[in-house]
Amino acid sequence: MKEKNIGHEQTGFKTELKLLLREPPLLISIIVVFALFGLFIIYPFAKILLVPTAADWAKAVTEKEFIEAFCNTMFSSLLATTTAIVFGFIFAYAINYTDIPFKRFFQVVALLPTMAPSVVSGLAFIMLFGRRGFITWGLLHLKVDLYGAFGLWVVQTIAFFPLAYITISGVLKSISPNLELAAQNLGARGWYLFRTVTLRLATPGLASAFLLVGINTLADFGNPMLVGANYHVLATEAYTQVVGAWDLPMGATLSVFLVIPTILVFFVQRYYLEKNSYVTVTGKPVAGLMRVTCGPVAKWCFFAFCCFICSAIILIISVVCLFAFTKTFGYDWSFTMEYFIEGVMQSTVMQNSWIASLSTATITTLFGIALAFLTIRKQFPGRVLMDFLAMLPVSLPGTFIGLALILAFNDGPLSLTGTLWIIILGMTLRQMPVGYRQAVAGLKQIDKSLEQASTNLGANSFVTFKRIVVPMLKNSLSVSFVYSFMKSMNTLSTVIFLISPEWNLASVNIMSLSDHGFLATASATACGMMMTIFVTFGLVKLVLRDKINIFDL
């Protein structure tokens, strides 16, 4: 029996524990990580689950307004997620499987909404198609009311289309051409080839896109506030209960209800992807192979679709900029800096957002790579649990995270309410899975033998991590940093409960100004945010040069 174990790596709790005790720095690091997870993830989430009483649960599942809000949330989220994924897939397919002209231009324009808060779509919708919208009232003289379910569907589709496109495009790009060429040689053509090969291999991208877009639409707060009107959803209803009715237990109850569908989608997606195999990188040579593309008729149909999507995005960005820098949009077109000065230069919200987002991006990037190194390269008791806790926040709505932190750190020895630190903590929890998965993907591309050689030469895990792993992950680190900074600048639902008069943020200010009718100042603040993100991208590109291509998606 002993001979069978020769040449095999020993595993098991005792073996892993013995190896761990030989490296005190590694043991201390693991203990610190679990302590941080316990304090900032397990404790707040347990706290919010224990706040509602039986009466609160009964009220949430029996009262008409809450049942209606839940049904509205499920319907609007499913509808917007479906259309965003369909549009994202068509756009990604056009970019990766056709030779349409202006492809680079389409790629850049499709990513512009990611540099502005999602509420900008709702803001532009009000300006263009509201009761006194520039198109509906100013040009067409129509008395229409597009608020409610229809308006929410339109703005959420536009707001979260880029997220679907980015996710699906990454998978389509990684599909090996030899599989499609082999199917074509066996007689598969056109729609049959697409349906039986390409679409099935793109399933991971579609499943990931459904998860990410679904969670974002479920937790979307700004757009329902602006264009939802009397069409209430759980995110806005929870906010109303906490801020308007001062009913914190009911707000917590509704936030927990918001988590149920997202957790369900998360586990269904993981189960479905783990059940099936979608491996396309087999080690066989593919250099010189040309990807199967569509015919000329389909090509120009895809081109027309890309033109339509990009025209809609440019219209949204343009109207926001025109509102920000014209005296009275639609009537007095004279240029003015009045609103920009008021919303950006004379306000501290942009500076606050910059500080919080920069801190979040730094923490997320460094902590993400440390987590990835532990879970991918080291064997220790609790490794699976650490991986689960690192990814858990991705399946939780931002309002749930924000409210959980308020309940956990409102008083006591670690009172963080009203400070910058609780804002950074909320943003970090929200973006941590992104930095973690980015580092995991980078580590899986690095051969373990390099680290084993460092260990054989006498370096411990900390030295190997610092001198070998980190330098080889510069690209993954830069992408994680830029993305975390951008999303933190734009976040709204996560921080809506965390802000204070001293530490207000640009994204929240845009929503508040829009809700009170100050559309020009809100537009100027949105333009200031986009400029801030563009400047950050420019600096990152200047420093890293060819090591990162922000728009290469």
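Residues numbered from 1 in each chain as written. Predicted model: local features only at pLDDT ≥ 70, side-chain atom pairs only at ≥ 80, totals over all residues. Heavy atoms only, no water.

> Outline the state of the cysteines, listing residues and values.
Taken as a whole and judged by the stated rule, the model has zero disulfides. Of the cysteine sulfurs around Cys-527, a residue in no disulfide, the closest is that of Cys-321, at 3.7 Å. Overall, the relative accessible area of 2% leaves Cys-527 in the buried class. (Disulfide = S-S within 2.5 Å. Buried < 20%, exposed > 50% of the residue type's maximum accessible area, 1.4 Å probe, protein only.)

> If you had to explain the nonpolar core to someone new, which residues and values would you point to?
As a rule of thumb, nonpolar side chains are buried together in soluble globular proteins. Judged by nonpolar contacts, the single largest core of 163 residues is most densely connected at Phe-37, Phe-91, Leu-172 and Ile-423. Residue contributions to this core peak at 14 residues, all from helix 15 (residues 296-325). If near-sequence neighbours (up to four positions away) are discounted, Phe-91 is found in contact with Phe-106, Ala-110, Phe-161, Tyr-165, Phe-305, Cys-306, Ile-309 and Cys-310. (Core = buried A, V, L, I, M, F, W, Y, C linked by side-chain atoms within 4.5 Å. Helix = DSSP H or I, 4+ residues; strand = E, 2+ residues; numbered from the N terminus. Contact = heavy atoms within 4.5 Å.)

> Just give me the short version of the packing of aromatic side chains, but keep the residues and values in it.
For the coordinates displayed, the defined rule picks out 26 aromatic pairs. Between the aromatic rings of Phe-89 and Tyr-93, the centroid separation amounts to 6.2 Å while the plane-to-plane angle is 25 degrees, which identifies the pairing as stacked. Within this pair, Phe-89 and its partner Tyr-93 are both found in helix 4 (residues 64-97), separated by four residues, close to a single helical turn. Among the residues examined, Tyr-93 registers a relative accessible area of 10% and is labelled buried. Cluster of aromatic residues (ring-pair linked, three or more members): Phe-91, Phe-102, Phe-105, Phe-106, Phe-161, Tyr-165, Trp-300 and Phe-303. (Phe/Tyr/Trp six-rings, centres within 6.5 Å; stacked < 30°, edge-to-face > 60°.)

> So, empty space enclosed by the protein: which residues are in play, and what are the values?
Summed over all chains, the structure comprises one cavity of 30 Å³ or more. Roughly 40 Å³ of internal volume is contained in the largest cavity. If you trace the largest cavity, you find it lined by Thr-73, Ser-76, Leu-152, Gln-156, Thr-217, Leu-218, Asp-220, Pro-224 and Val-233. Counting residues per element, the ones that place at least two in the lining of the largest cavity are helix 4, helix 8 (149-174) and helix 11 (203-219). The residue inventory of the lining of the largest cavity, partitioned by class, reads four nonpolar, four polar and one charged. (1 Å grid on protein atoms, 1.4 Å probe; cavity = no way out; pocket = protein on both sides within 12 Å on 5 of 7 lines; lining within 4 Å. Points joined across faces, edges and corners; volume = space filled by probe spheres on them. Nonpolar A, V, L, I, M, F, W, Y, C, P; charged D, E, K, R; others polar.)

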